[in-house]
Amino acid sequence: MIQPEKRMVFHFYIKENWKDSVTNRIHLECLKHYSHIFDEVIFVISLDNTSDYDLIRSLEMELLELNFTPRISFKIVENTYLRDSKTFYDFIATKLDMYNGLTFFAHNKGI
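Values in this document were obtained by computation on a predicted structure and should not be read as measured data.

Conventions adopted
- Residues numbered from 1 in each chain as written.
- Predicted model: local features only at pLDDT ≥ 70, side-chain atom pairs only at ≥ 80, totals over all residues.
- Heavy atoms only, no water.
- Helix = DSSP H or I, 4+ residues; strand = E, 2+ residues; numbered from the N terminus.
- Buried < 20%, exposed > 50% of the residue type's maximum accessible area, 1.4 Å probe, protein only.
- Phe/Tyr/Trp six-rings, centres within 6.5 Å; stacked < 30°, edge-to-face > 60°.
- Contact = heavy atoms within 4.5 Å.
- Arc of directions from axis to C-beta.

Structural notes on unusual backbone geometry
Consideration 1: Here Asn17, not a glycine, exhibits a phi torsion of approximately 65 degrees, which is positive.
Consideration 2: Tracing the sequence through the fold places Asn17 in the loop between strand S1 (6-13) and helix H1 (22-34).
Consideration 3: Residue classification places Asn17 among the exposed positions, given a relative accessible area of 56%.
Consideration 4: With a phi angle near 65 degrees, Asn67 is a residue other than glycine that sits in the positive phi range.
Consideration 5: Residue classification places Asn67 among the exposed residues on the basis of a relative accessible area of 55%.

Rendered as structure tokens:
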């Protein structure tokens, strides 16, 4: 049986001290546990200041250590009042005709 391609789009809001959040640590552990399932992963990193390269890099380095597929990408977006719903619209709803297989959506609720 042919398995459908499995993609995940994950909206991850970060701010200073994001690593100190127990909830974010749980998200990272869950991502690590399920990393083998996905053929492609798109991490949408949302933050208030998209020029804070140190903050962005801190999350990217954590995510790269989770053993995801080589088809991993990072998109940097400015946090807006629409939060994760804008990511859903921009990266899933408007691209349905471009995606094959299954697409999963997750987010960390800006904790």
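Digging into the packing of aromatic side chains
Consideration 1: In the structure shown here, the tally under the stated rule is seven aromatic pairs.
Consideration 2: Aromatic side chains Phe43 and Phe74 sit 6.1 Å apart centroid to centroid with 20 degrees between the ring planes, which places their arrangement in the stacked category. Taken together, the residues Phe43 in strand S2 (residues 40-47) and Phe74 in strand S3 (residues 72-78) connect sequence positions 31 residues apart.
Consideration 3: On the numbers, 5.3 Å between centres and 75 degrees between planes, the contact of Phe88 with Phe105 is edge-to-face.

Re the environment of Ile45
Consideration 1: Note on placement: Ile45 falls in strand S2.
Consideration 2: When the C-alpha positions of Ile45 and Glu60 are compared, they lie 8.7 Å apart, and in sequence the two are 15 residues distant.
Consideration 3: Leaving out residues up to four positions away in the same chain, Ile45 has contacts with Phe12, Ile14, Ile56, Leu59, Glu60, Phe74, Lys75, Ile76 and Val77.

Thoughts on helix H3 (residues 84-91)
Consideration 1: Those residues of H3 lying buried are Asp84, Thr87 and Phe91. Along the axis of H3, the buried positions cluster into a sector of 50 degrees, meaning they face one direction only.
Consideration 2: Where H3 is buried, its residues meet S1, S2, S3 and strand S4 (102-107).

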